[in-house]
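Here is what each chain is made of, one letter per residue.
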Amino acid sequence: MKKLLAILMVFITVFFSACSKESKFGIQQFTERMNKTFETDYKTSDFVLSKREDENVMFLSEENSLISVFIDNNNYIKGVSLLITADGDIENAKNTYCQMCSIFTGNDYESQMKIFSESDFFNEDIKFADGNSLITVGRYKYTVVCNDYSITFFCERV
């Protein structure tokens, strides 16, 4: 009976671990998950790579917004960001940012929005004026930086 239980536990461990989402993934998986979960139409080929000595960033410019994905040397995402200009819609940007964070952190959209609501991260101070906000929840740091010209949302693994 003990041998059967041991074999069953090994089987469960091996096969159920393959069913979970990986915590580290690249831009291809990010775009696929965004498209599948939120019915967006992001294409990996539309992102532009910017290489620096110690950091690589992939950019996607859209109307009134700029999506940035920070990747490490192994091409895994270590942070995401959304910048909107003064012509952009703040409420729409909050939803898009929450979607991006949801995919990046592995939370579902409702859980991610609950994190922002309970911490008052998405408060009335998010407007086109000087200001910023920062919260850290678990392994992730969320930041918003506002000025007269743009609002930038960041999410990074700490």
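Structure: see above.
Sequence order sets the numbering: in each chain, residues are counted from 1 along the sequence as written. The model is predicted, so local features are restricted to residues of pLDDT at least 70 and side-chain atom pairs to those at 80 or more, both for listing and for counting; the totals for chains, interfaces and linings are taken over all residues. Water and hydrogen atoms play no part in the side-chain values, which are based on all heavy atoms of the structure.

A. Quick look at the packing of helix H3 (residues 90–105) against helix H4 (residues 109–118). Axis definition: a line fitted to C-alpha atoms, over the contacting stretch in the case of helices. Angles run 0 to 180 degrees between N-to-C directions. Counting from the N terminus, the helices are DSSP H or I runs at least four residues long and the strands are E runs at least two residues long. Two numbers describe how H3 lies on H4: the axes approach to 9 Å, and their chain directions differ by 115°. Classified by the angle between their axes, H3 and H4 sit roughly perpendicular to one another. Handedness of the crossing formed by H3 with H4: right-handed. Taking contact as the criterion, the partners of Asn95, Tyr97, Cys98, Gln99, Cys101, Ser102 and Thr105 in H3 are, on H4, Tyr109, Gln112, Met113 and Phe116. Residue polarity is assigned by list, with Asp, Glu, Lys and Arg as charged and Ala, Val, Leu, Ile, Met, Phe, Trp, Tyr, Cys and Pro as nonpolar; anything else, Gly included, falls into the polar class. Grouping the amino acids of the contact of H3 with H4 by side-chain chemistry returns 6 nonpolar, 5 polar and no charged. Each angle gets one of four labels, with under 35 degrees taken as roughly parallel, over 145 as roughly antiparallel, 65 to 115 as roughly perpendicular, and the rest as oblique. By definition, turning the near helix anticlockwise from the far helix through less than a right angle yields a left-handed crossing, and turning it clockwise yields a right-handed one. It only takes one pair of heavy atoms within 4.5 Å for two residues to be counted as in contact.

B. Looking closely at H3. Working rule for helices: expected span equals 1.5 Å times residues minus one. In this model, H3 (16 residues) spans 22 Å end to end at C-alpha, consistent with the 22 Å of a helix rising 1.5 Å per residue. Extensive coverage of H3 is indicated by the burial of 13 of its 16 residues. N or O atoms within 3.5 Å of each other form a polar contact, as long as, within protein, one can give a hydrogen and the other can take it, and as long as residues adjacent in sequence are counted only when both atoms are side-chain atoms. By the N-cap criterion, in which a side-chain oxygen at the helix start approaches the backbone nitrogen of a residue two or three places on, H3 is capped by Asp89, the distance to Glu91 being 3.3 Å. Gly106 occupies a position one or two residues after H3 and carries a positive phi of about 90°. Buried means the residue's accessible area, taken with a 1.4 Å probe over protein chains only, is under 20% of the maximum for its type, while exposed means over 50%, and partly exposed covers the values in between.

C. View of the packing of aromatic side chains. Aromatic pairs are defined between Phe, Tyr and Trp rings, using the six-membered ring for Trp, whenever the two ring centres lie within 6.5 Å; interplanar angles under 30 degrees are classed as stacked, those over 60 as edge-to-face, and all others as tilted. For the coordinates displayed, the defined rule picks out 12 aromatic pairs. Where Tyr97 meets Phe116, the ring centres are 5.6 Å apart and the plane angle is 20°; that geometry is what we call stacked. Residue Tyr97 is located in helix H3, and its partner Phe116 is located in helix H4; the two are separated by 19 residues in the primary sequence. Its relative accessible area of 0% is what places Tyr97 among the buried residues. Ring centres of Phe104 and Tyr140 lie 5.5 Å apart, and the angle between their planes is 75°; on these two criteria the pair is classed as edge-to-face. Within this pair, whereas Phe104 is found in helix H3, its partner Tyr140 is found in strand E6 (residues 140–146), the two being separated by 36 residues in sequence. Like Phe104, the residue Tyr140 is buried in the burial classification. An aromatic cluster of at least three residues, connected via ring pairs, comprises Tyr97, Phe116, Phe121, Phe122, Tyr142 and Phe153. Here the guanidinium or amino end of Arg33 rests over the ring plane of Phe25, the centre of that ring lying 4.2 Å away. Our definition puts a charge over a ring when NZ of Lys or CZ of Arg is within 6 Å of the ring centre and also within 35 degrees of the ring normal.

D. Main features of the environment of Cys98. Residue placement: Cys98 occurs in helix H3. With a relative accessible area of 0%, Cys98 lands in the buried category. The sequence separation of Cys98 and Tyr109 amounts to 11 residues, and the corresponding C-alpha distance is 6.8 Å. Those residues in contact with Cys98, other than ones at most four positions away along the chain, are Tyr109, Gln112, Met113 and Phe116.

E. Highlighting the pattern of salt bridges. Salt bridge criterion: a side-chain nitrogen from Lys or Arg within 4 Å of a carboxyl oxygen from Asp or Glu. Counting across every chain of the model gives 4 salt bridges. A salt bridge links Lys94 to Glu91; its shortest N-O distance comes to 3.2 Å. Here the residue Lys94 and the residue Glu91 both occupy positions in helix H3, the gap between them amounting to 3 residues, near one helical turn. Lys141 is the salt-bridge partner of Glu156, the closest N and O atoms lying 3.2 Å from each other. Of this pair, Glu156 sits in strand E7 (residues 150–157) while Lys141 sits in strand E6, and the two are 15 residues apart along the sequence. Accessibility expressed as a relative area gives 33% for Glu156, which makes it partly exposed. Judged by relative accessible area, which is 25%, Lys141 ranks as partly exposed.

Don't take any of this as a statement about function, it's just geometry.
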